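For reference, the chains in residue letters:
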Amino acid sequence: MEWYIYGLLSATLFSFYYVILKRNLHHKHVLDYIFIYVSFLALIAVPLYPEVHMHLQPLVFLLIYIDAWMLLLFFIALTSAHKHLEVSEVAPLSNLTTVIVVVIGTVLFSEALNLHNVLGIFL
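Residues numbered from 1 in each chain as written. Predicted model: local features only at pLDDT ≥ 70, side-chain atom pairs only at ≥ 80, totals over all residues. Heavy atoms only, no water.

Q: Would you explain the packing of aromatic side chains in this entry?
A: Two descriptors summarise a pair of aromatic rings, namely the distance from one centre to the other and the angle between the planes of the rings. Scanning the entire structure with this criterion turns up three aromatic pairs. Ring centres of Tyr-65 and Trp-69 lie 6.3 Å apart, and the angle between their planes is 75°; this geometry places the pair in the edge-to-face category. Of this pair, Tyr-65 and Trp-69 both sit in helix H3 (residues 58–84), four residues apart, which is roughly one turn of that helix. Exposure remark for Tyr-65: the relative accessible area of 48% places this residue in the partly exposed category. (Phe/Tyr/Trp six-rings, centres within 6.5 Å; stacked < 30°, edge-to-face > 60°. Helix = DSSP H or I, 4+ residues; strand = E, 2+ residues; numbered from the N terminus. Buried < 20%, exposed > 50% of the residue type's maximum accessible area, 1.4 Å probe, protein only.)

Q: Can you walk me through unusual backbone geometry in this structure?
A: Comment: phi is negative for the bulk of residues other than glycine, and the bulk of peptide bonds are trans. We note that Ser-110 has phi near 55°; this positive angle belongs to a residue other than glycine. Turning to its location among the elements, Ser-110 is positioned in the loop between helix H5 (97–108) and helix H6 (115–122).

This is the structure we're talking about:
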């Protein structure tokens, strides 16, 4: 399968995530929902684990560990906000994420946009 099919499938499934999140949070606590979600993701990733070879320095491992904890706190806060607020209040400008990434990539990292990049952004 080509990479763009995986990208379209991922975008489609991710768009359903917020609908399912808002619907299911009325029946569950935030931590329960995150535990179930992360467990499901871990089960999907199990076949990929033999392919991962990480030879990391202790400092890099520590930074990844700290980043993982910060992401956990972010997802707990975000999921809690989705439970108690409207989606338009929680993430009103979430569609602008791609634009922000493009601006940062072109300004800070001197990346050049070609036709494939622009088509991917509009898609």
